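# Structure assessment
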Amino acid sequence: MEIAAYYFPNYHLDARNEARHGRGWTEWELMKCARPRFEHHDQPKIPLWGYEDEADPAVMAKKIAAAVKYGIDAFVFDWYWYDGPFLQRALDEGFLGAENCREMKFALMWANHDWMDRHPVGRQDAFHAPLLYPWNTTRQNVAEVWQYLIDNYLTKPNYWTVGGLPYFSIYAVDRFIKQMGGPGEAAAVLAEFRGLARKAGLPGIHINAIWFDNLETTRSLACPPSEWVTKIGFSSYTSYNNVFTTPVWRRSFPRISCAEACREYHELADRAMKKLPAPYFPVVTAGWDSSPRTVQSEIYEFLDVYPYFPVMEPDPAALENAIVDLNALGPEAVFINAWNEWTEGSYIEPDEKNGFALLEAVSKAKKIISEKEGAA
């Protein structure tokens, strides 16, 4: 079994960010300003390695070395395209420029959602955060994106493969179907992607869809999620995290138990693996605290809208157990959210409070799994 960690690349300078927030801005600024919002709230969370520039190849080389040492097989980068690439320097300059980049695999998840300004956002604006960059890719211009991906990433020797095919994930599947024109058009677009890949000498594409089990009860969808699996032609499914996918997230505020959230999500993952016609790769959420993306001077309360959510402090033992337990379901891969989602409190990079405890939990889980597989 392989372990892949999502990587959120907003800790380097970007021209669009600087135009909006000022010279030198990255999301580290939110972490520097974070404060406790309720009794015993663990903020600010301070990175043990400091507020580093991830677009620096030397900085990324340290991340790669630590990830490999503690059992992470691949980084799956959140990848953005708003009339061209956005936040790409962490991957293009940092990861691919690192001297040891060949020691680790990488892949992409197309974060095909609108980019809203929640950096930070106040209580009154949370339901209608300012729209900065709309995701406007359509059937007419998506081929440009496919070719860009193939030329710049999918043909790299260390691009992660599943079943021998380059892995590529789509985050907002319903939005993708709507903007492609419907289920039939979306299927045709993905077939075109696979065809372009074969023309480039690749064996095809393993196209993954982010699956939210609770979408079955959601209205105003392009088509029912049950039709995704019969009409679109995805190779597999996974989740980006387990936040607000199970009842525990509505039972308690301001904090919930990581162990309880993992137990409830295990039931969801088991259900998804049994009902979906293609493989489902489960995900472990390392922790959750989106309060740094809120205005720090305002009251922090549950608004049932991001980022005013309950806090789930990281628990190394729960992380280790969740990886082992999910592996018992038999997936080819387990995902972790995330390597570095600092402003959402979902990271396994070392911090000043926990040190390397979360990475050590991943390593311990990997060892347990390896020993079980060896004894089988």
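See above for the structure.
The structure contained in this document is the topic of the report that follows. Every value quoted in this text rests on a predicted model; they were computed, and no experiment measured them. (Residues numbered from 1 in each chain as written. Predicted model: local features only at pLDDT ≥ 70, side-chain atom pairs only at ≥ 80, totals over all residues. Heavy atoms only, no water.)

### What to know about the overall build of the protein chain
Cut-off, in case you're wondering: Counting from the N terminus, the helices are the DSSP runs of H or I reaching at least four residues and the strands are the DSSP runs of E reaching at least two. Each residue gets one of three labels from its accessible area relative to the maximum for its type: buried under 20%, exposed over 50%, partly exposed in between, using a 1.4 Å probe on protein chains only. Note that accessible areas follow from Shrake-Rupley with a 1.4 Å probe, and for residues the cover is restricted to the protein chains shown.
Helices and strands together make up the secondary structure of the protein chain, namely 12 helices and 15 strands. In terms of overall dimensions, the protein chain has C-alpha extents of about 55 × 55 × 45 Å along its principal axes. The buried share among the 376 residues of the protein chain stands at 56%. Per element, the accessible surface of the protein chain, about 14700 Å² overall, is 50% carbon and sulfur.

### Section: empty space enclosed by the protein
Note the cut-off: With a 1 Å grid laid over protein atoms only, a set of points is called a cavity when a 1.4 Å probe fits there but cannot get out and a pocket when it is open yet has protein on both sides within 12 Å along at least five of seven lines; lining residues have an atom within 4 Å of a point. Grid points are joined across faces, edges and corners, and a volume is the space filled by probe spheres set on the points. Amino acid classes used here: Ala, Val, Leu, Ile, Met, Phe, Trp, Tyr, Cys and Pro are nonpolar; Asp, Glu, Lys and Arg are charged; the rest, including Gly, are polar.
In this structure the tally under the stated criterion is 2 cavities of 30 Å³ or more. Of the volumes computed, that of the largest cavity is approximately 90 Å³. What lines the largest cavity is a set of 15 residues, among which Trp28, Gly50, Glu52, Lys63 and Glu349 lie closest to the centre. Class assignment of the residues belonging to the lining of the largest cavity gives a composition of 8 nonpolar, 2 polar and 5 charged. Taken as a whole, the second largest cavity encloses approximately 40 Å³ of empty space. The wall of the second largest cavity is formed by Pro9, Phe77, Asp78, Trp79, Tyr80, Phe86, Leu87, Gln88 and Leu91. Here the lining of the second largest cavity gets 4 residues from one element, more than from any other, and that element is strand β2 (residues 74-81). Class assignment for the residues of the lining of the second largest cavity results in 7 nonpolar, 1 polar and 1 charged.

### What about the packing of aromatic side chains?
We describe a pair of aromatic rings using the distance from one ring centre to the other and the angle between the two ring planes. For clarity, the threshold we go by: The rule is short: rings of Phe, Tyr and Trp, with Trp giving its six-membered ring, pair when the centres are within 6.5 Å, and they are stacked under 30 degrees, edge-to-face over 60, tilted in between. Whether a charge lies above a ring is judged from NZ of Lys or CZ of Arg, which has to be within 6 Å of the ring centre and within 35 degrees of the ring normal.
A complete count under the given rule lists 56 aromatic pairs for this structure. Ring centres of Tyr306 and Phe309 lie 5.9 Å apart, and the angle between their planes is 80°; this geometry places the pair in the edge-to-face category. Neither residue differs from the other here; Tyr306 and Phe309 are each classed as buried. Sitting over the face of the ring of Tyr133, Arg16 holds its NZ or CZ atom 5.1 Å from the ring centroid. The side chain of Lys32 reaches across the aromatic face of Tyr51, ending 5.1 Å from its centre.

### Examining helix α7 (residues 183-199)
What counts is decided by this rule: Multiply 1.5 Å by the residue count of a helix minus one, and that product is the helix's expected span. This arc corresponds to the set of directions leading from the helix axis out to the C-beta atoms. Pairs of residues are marked as contacts when any of their non-hydrogen atoms sit within 4.5 Å.
Look at α7: 25 Å from first C-alpha to last across 17 residues, which is about the 24 Å you get at 1.5 Å a residue. Every buried residue of α7 is accounted for by Pro183, Ala186, Val189, Leu190, Phe193, Arg194, Leu196 and Ala197. Along the axis of α7, the buried positions cluster into a sector of 160°, meaning they face one direction only. On its buried face, α7 sits against α5 (142-154), β8 (165-170), α6 (173-180), β9 (206-210) and α8 (225-231). At the exit of α7 stands Gly201, carrying a positive phi of roughly 95°.

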